[in-house]
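Working through the structure, step by step
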Amino acid sequence: MPEEDFVELKFRLYDGTDIGPFRYSPASTVAVLKERIVAEWPKDKKNTPKGANDIKLINAGKILENSKTVGQCKAPFGDLQNGVITMHVVVQPSLAKAKTEKKVDDAPRKNLCSCTIL
């Protein structure tokens, strides 16, 4: 594959730090990007993804689907020459974990209500 066919991407984390830049083939999927982000995630970060499903990638204001390829996602940047494309990374824990934690949090609460009429 010719060198100019590759797309250079970096990933901006929630605190403004970056992972990358890395070079990807236009045929690479968003799922591959997410796996690379999880593998390269800085160990000193407080909010760490457990897996690729905990990550959302945002590019040009759109959340990217795992099945899309880099070539399909890079369309708005056709005029960038030798530029690095920045994608934003949002860590969002899986829904099953969030529901489990919510049930644990709800258990100790007790509804106490009182009215006083003067």
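One can find the structure itself at the top, above this paragraph.
One structure accompanies this document, and this report is about it. The shown structure was predicted, so the numbers you read here are calculated from the model rather than taken from an experiment.

Our focus in this paragraph is the overall build of the chain. Scanning the chain from terminus to terminus reveals three helices and five strands. Element order for the chain, N to C, with α for helix and β for strand: β-β-α-β-β-α-β-α. The 118 residues of the chain split such that 25% are buried. Counting contacts in the chain only where the partners sit at least 6 residues apart, residues at least 24 apart contribute 60% of the total. Of the roughly 8500 Å² of accessible surface on the chain, 53% is carried by carbon and sulfur atoms.

Turning our attention to the pattern of salt bridges. On inspection of all chains with the given rule, the structure shows five salt bridges. Residues Asp18 and Lys10 are paired through a salt bridge, measuring 3.5 Å at the closest nitrogen-oxygen approach. Between Arg36 and Glu40 there is a salt bridge, with its nearest N and O atoms 3.5 Å apart. Of the two residues, Arg36 and Glu40 are both situated in helix α1 (residues 30-40); the distance of four residues between them amounts to about one turn of the helix. The structure contains a network of salt bridges with shared partners spanning Lys10, Arg12 and Asp18.

Right, let's talk about unusual backbone geometry for a bit. Here the bond from Gly20 into Pro21 is cis, since omega is 15°, no more than 30 degrees from zero. Checked against the element boundaries, Pro21 lands in strand β2 (residues 18-24).

Now for the packing of aromatic side chains. Under the definition given, this model contains three aromatic pairs. Arranged with centres 6.4 Å apart and planes meeting at 70°, the rings of Phe11 and Tyr24 form a pair that is edge-to-face. Of this pair, Phe11 sits in strand β1 (residues 7-12) while Tyr24 is found in strand β2, placing the two residues 13 residues apart along the sequence. Tyr24 matches Phe11 in its accessibility class, with the two residues each being buried. Grouping aromatic residues by their ring pairs yields a cluster made of Phe11, Phe22 and Tyr24.

Note that Lys34 resides in helix α1. Spatially, the C-alpha atom of Lys34 lies 9.9 Å from that of Phe11, the residues being 23 residues apart in sequence. Once residues lying within four places of it in the same chain are set aside, the contact partners of Lys34 are Ala52, Ile55, Leu57, Leu64 and Asn66.

Let us look at the pairing of β2. Judged from the five bridges that link them, β1 and β2 form a sheet pairing that is antiparallel. Each residue of the ladder has a partner; that of Glu8, found in β2, is Arg23. Turn length for the β1-β2 hairpin, with the two strands adjacent in sequence and antiparallel, is five residues, and the turn residue Gly16 shows positive phi of about 95°.

Let's shift gears to the side chain of Ser28. Relative to the assigned elements, Ser28 resides in the loop between β2 and α1. In contact with Ser28, other than residues within four places in its own chain, are Lys68, Thr69 and Val70.

Each value, and the rule that gives it
- Residues numbered from 1 in each chain as written.
- Predicted model: local features only at pLDDT ≥ 70, side-chain atom pairs only at ≥ 80, totals over all residues.
- Heavy atoms only, no water.
- Helix = DSSP H or I, 4+ residues; strand = E, 2+ residues; numbered from the N terminus.
- Buried < 20%, exposed > 50% of the residue type's maximum accessible area, 1.4 Å probe, protein only.
- Contact = heavy atoms within 4.5 Å.
- Areas by Shrake-Rupley, 256 points an atom, 1.4 Å probe, with all protein chains shown as cover.
- Salt bridge = Lys/Arg side-chain N within 4 Å of Asp/Glu carboxyl O.
- Phe/Tyr/Trp six-rings, centres within 6.5 Å; stacked < 30°, edge-to-face > 60°.
- Pairing = 2+ DSSP bridges.

By themselves, these are just geometric observations and shouldn't be taken as functional.
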